[in-house]
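Read off the chains here:
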Amino acid sequence: MRTSPDAWAAVRGRPWEFLASWWPWRSIGYLLTTVPVGMTVLVSLVLLLGVGVVTLVVVVGVVVLAAIPRVTGGIGILERARVRLVLPRDDGGAAPTLRERLLAGRGLRVSWSEIGYAVLLAGVLWVVDALVLLFTITTAVVLLLAPYLVRFDTLGMLGWDIDSTREAWVAFGLGIPTTVAAAYVVTGVACGQAALARLLLDPPEHRLVQAVADLRRSRVDLVGAFETERRRIERDLHDGVQQRLLALTMTLGRAELDVPEGPGLDLLREAHEQAEAALEELRFTVRGIHPRVLTDHGLAAAVDDIADRSPVPVDTTIMLPGRLPAPVEAAAYFVVSEALTNVARHARARSVRVRAWVERDRLVLTVVDDGDGGADPASGSGLAGLALRLEALDGTLDVHSPPGGPTEVRMECPIDAG
Amino acid sequence: MRVVIAEDVALLREGLAAILERAGHDVLAAVGDADALLAYVEHAEPDLVVTDIRMPPDFSDEGLRAAVAVRAAHPEIAIMVLSAYIADAYLADLLDNAPGGGIGYLLKDRVGHVREFLDSIDRVAEGETVVDPEVVRQLLRRRRDDGPLAALTQREREVLALMAQGRTNGSIAAELVVSEAAVRKHVGSIFAKVPIEPAADRRVSAVLAYLRESG
């Protein structure tokens, strides 16, 4: 048998499946618990309001009245939990928990819709629920038990007096469709009330905030997945093609020893040189995808590695507490790599300083050269792509390059990203 | 010469073995990880160990640590370490444990140049220190502004880089296309500028004094 995801879906589904399911019982449970909860809320609100207003003259009342949003917030949490009895699928996203609320203290703004819901619950909902339960359940139960109850006394039912066994069995017959109808009524009321609660407790703007948070997380995930993929490609190339090419150069080297001087050896040497050129090119490509030294030894070693290959002398000062998350390390590495490439190509600089440090849980990295400046960050597509990548990690990339220099590339990125 | 090879990539392991065997060396074993290397060295006591740096299980520096362990237990065994990329952090570990037989540190690409590679192997077996020219070049570039080599001229640095490979004055002269007398003059001024450990081979010492410090 299929199981419905929530009571509302069950009501709209096949009747026999609905009736055989737990949903009518859960709905009864929901409405039944509304009664004591609503009564308690009523008493609490009246007390708070009463005491608050009375003591307002001695200022204490302000504190008492200010506690109302806290209380209604607590009610909201209880009610969100109770709504799951009938609508378990939570499409509203996670509201702050009681603990978060207590920790946040006054930081959280007053939620008028929560107060409104509490008033509604205290004043209307529990009374309605009590009446619905009383009417539907007693009617159904009395009709079904009529053949038994009639032995003791005459039963009065909406102006119909049941006093014979025959009439009692007719009542029993009517009791069956009445029970079915009662199940629908109870579940319908429960669904309506739960939907109302959810609307007031998890208003649409809250869902929007949640959606934005989800979106942000998925974007970070995407950057992470991208990074993982790059590493995989790097590993495949390094462990596969690169080793094969290396083995090829070894074989060619061996063959050179055995082949006598002449055109054959010349061709062999040419092949050897080509294989080495291919290996060099592959190594360069692999480094551009994801350098092995970054994976193995972290950002400082990898930056030293690029600095060593730079034609312009580079002074590096990397002060980090330890390894950073992989996406942050990779972003920082490529910023340095791109910045140093640009310096070598355009800046006519005599020296470059690369600095990196952590400041208030953010990685700050600067690349400053003493060249002519005037660099246009928009024209450097490499840096623009890196800026996008950093944006996904909630980081920033700024290029400051007045004519005459110096040019500063500054990257900042929270280190808890990813 | 009795050699043990440690290299995890089967293709390269076989290539290395073939090259060494062709040169007349006796390849006792070619193993795929550091533990097997250590076990085999205990068992067979070779003259030379040729090992990759990255090896299973973690692919970090198992081969290097194995080399250091071999050096500690059997200082007389010469060691040639191969690396897929330049990582001078490894070099200090190796050189700090240097007393004993020869030590070599070459990039794997160098193996393709079979004659040079075999020459390096022989020099290491004779107790010399051979450092890959690319590695030396990089170290020299990094310490441009400070350290004992700051006073060296560009040409002197080039000469020192070639010395680090264990080359003779004649070979250096040929490489730089200068006269041997000019090389001798450069070597003399390097020795004057770089602090030298007395009683050591001056050529090796000049290189090591610098390399140790920069690790």
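Residues numbered from 1 in each chain as written. Chains lettered and ligands numbered in written order. Predicted model: local features only at pLDDT ≥ 70, side-chain atom pairs only at ≥ 80, totals over all residues. Heavy atoms only, no water.

### Here we look at the overall build of chain B
- A tally of regular secondary structure across chain B gives ten helices and six strands.
- Buried residues in chain B amount to 54% of all 215 residues.
- Look at the contacts in chain B between residues 6 or more apart in sequence, and 66% of them connect residues 24 or more apart.
- Accessible surface, chain B: about 8,700 Å² in total, of which carbon and sulfur atoms supply 50%. (Helix = DSSP H or I, 4+ residues; strand = E, 2+ residues; numbered from the N terminus. Buried < 20%, exposed > 50% of the residue type's maximum accessible area, 1.4 Å probe, protein only. Contact = heavy atoms within 4.5 Å. Areas by Shrake-Rupley, 256 points an atom, 1.4 Å probe, with all protein chains shown as cover.)

### Structural notes on the pattern of salt bridges
- Using the criterion set out here, one finds 27 salt bridges over all chains in the structure.
- The shortest N-O distance in the salt bridge between Arg22 of chain B and Asp258 of chain A comes to 2.4 Å. Taken together, the residues Arg22 of chain B in helix H1 (residues 10-22) and Asp258 of chain A in helix H8 (residues 204-258) connect one chain to another.
- Of the charged contacts in the structure, one is a salt bridge between Lys108 of chain B and Asp52 of chain B, with a shortest N-O distance of 3.1 Å. Of this pair, Lys108 of chain B sits in the loop between strand S5 (103-107) and helix H5 (114-125) while Asp52 of chain B sits in strand S3 (residues 48-52), and the two are 56 residues apart along the sequence. In this pair, the class of Lys108 of chain B matches that of Asp52 of chain B, namely buried.
- Counted as one network, the salt bridges with shared partners bring together Arg362, Glu408, Arg410 and Glu412 of chain A. (Salt bridge = Lys/Arg side-chain N within 4 Å of Asp/Glu carboxyl O.)

### What about helix H8 (residues 169-176) of chain B?
Residues and elements named next belong to chain B.
- Among the residues making up H8, those that are buried are Asn169, Ile172, Ala173 and Leu176. What you see down the axis of H8 is that its buried residues fit within an arc of 100°, all on one side.
- Val177, located one to two residues past H8, shows a positive phi value of around 55°. (Arc of directions from axis to C-beta.)

### Some details on the interface of chain A and chain B
- Listed as interface residues are 26 residues of chain A and, on the opposing side, 24 residues of chain B.
- Across the chain A/chain B interface, buried area totals approximately 2,300 Å², and carbon plus sulfur atoms make up 55% of it.
- Considering only the side of chain A, the residues that lose the most area to chain B are Met250, Leu257 and Asp308 of chain A, jointly responsible for 30% of the buried surface there.
- At the boundary of chain A and chain B, one finds two salt bridges. (Buried area = accessible area lost by both parts, 1.4 Å probe.)

### Notes on the pairing of strand S4 (residues 78-83) of chain B
Residue and element names in this part refer to chain B.
- Counted residue by residue, S4 has six buried out of six residues, so it is predominantly covered.
- Because side chains alternate across S4, one face comprises the buried residues Ala78, Met80 and Leu82, and the other comprises Ile79, Val81 and Ser83, equally buried.
- Of the strand pairs in this sheet, S3 and S4 are connected by five bridges, and their pairing is parallel. Its bridge partner being in S4, Thr51 is matched across the sheet by Val81.
- Of the crossover connections in this fold, the one passing from S3 over helix H3 (residues 62-73) to the parallel S4 is right-handed.
- Taken together, the five bridges between S4 and S5 define a ladder with parallel strand orientation. The partner of Ser83 across the bridge, within S5, is Leu107. (Pairing = 2+ DSSP bridges. Right-handed = clockwise from strand over helix to strand, strands pointing away.)

### Considering the UniProt feature "transmembrane region" (unreviewed entry) in chain A
Residues and elements named next belong to chain A.
- Residues annotated in UniProt with the feature "transmembrane region" (unreviewed entry) correspond here to residues 41-68, 115-148 and 168-191.
- Its end C-alpha atoms 11 Å apart, residues 41-68 is made of 82% helix and 0% strand.
- Structurally, residues 115-148 comprises 100% helix and 0% strand, and the distance from its first C-alpha atom to its last is 48 Å. (UniProt positions renumbered as here; feature names shortened; annotations may be inferred.)

### So, the packing of H8 of chain B against helix H9 (residues 180-193) of chain B
Residue and element names in this part refer to chain B.
- Two elements in contact, H8 and H9, have axes separated by 8 Å at closest approach and are oriented at 110°. On the basis of their axis angle, the class for H8 and H9 is roughly perpendicular. Contacts between H8 and H9 involve Asn169, Gly170, Ile172 and Ala173 from the first element and Glu180, Val183, Arg184 and Val187 from the second.
- In terms of residue class, the contact of H8 with H9 is made up of four nonpolar, two polar and two charged. (Axes fitted to C-alpha atoms, helices over the stretch in contact; angles between N-to-C directions. Parallel < 35°, antiparallel > 145°, perpendicular 65-115°, else oblique. Nonpolar A, V, L, I, M, F, W, Y, C, P; charged D, E, K, R; others polar.)

### Some details on the packing of helix H4 (residues 60-83) of chain A against helix H7 (residues 165-201) of chain A
All names here are of chain A.
- Interhelical geometry of H4 versus H7 gives an angle of 140° and a closest axis separation of 10 Å. Taken together, the axes of H4 and H7 lie oblique to each other. For the crossing formed where H4 meets H7, the hand is left-handed. Every residue of H7 that contacts H4 at Gly76, Glu79, Arg80 and Val83 is listed here: Ala194, Ala197, Arg198 and Leu201. (Left-handed = near helix turned anticlockwise from the far one by under 90°.)

### Focus on the sheet that holds strand S7 (residues 407-414) of chain A
Residues and elements named next belong to chain A.
- Strand order in this open sheet of five strands is S3-S4-S5-S7-S6, and the pairing throughout is mixed. A strand with exactly one partner marks an edge of an open sheet, and here the two such strands are strand S3 (314-319) and strand S6 (396-400). When the angles between neighbouring strand axes are averaged without regard to direction, this sheet yields 10°.
- Contacting S3, strand S4 (352-359) and strand S5 (362-369), helix H10 (residues 292-309) crosses the sheet at an angle of about 175° to S3.
- In the packing of helix H11 (residues 326-347) onto the sheet, contacts are made with S3, S4, S5, S6 and S7, and the angle to S5 comes to roughly 10°.

### Focus: the sheet that holds strand S6 (residues 129-131) of chain B
Residue and element names in this part refer to chain B.
- Spatial strand order, S2-S1-S3-S4-S5-S6: six strands in an open sheet with parallel pairing. The open sheet terminates on both sides in strands that have one partner only, identified here as strand S2 (26-31) and S6. Across this sheet, the average inter-strand angle for adjacent strands is 15°, counted without regard to direction.
- Bridging between S5 and S6 involves three bridges; their strand directions are parallel. Note on S6: the bridge partner recorded for Gly104 is Val130.
- The strands that helix H2 (residues 34-44) touches are strand S1 (2-6), S2 and S3; relative to S2, the one it contacts most, it runs at about 150°.

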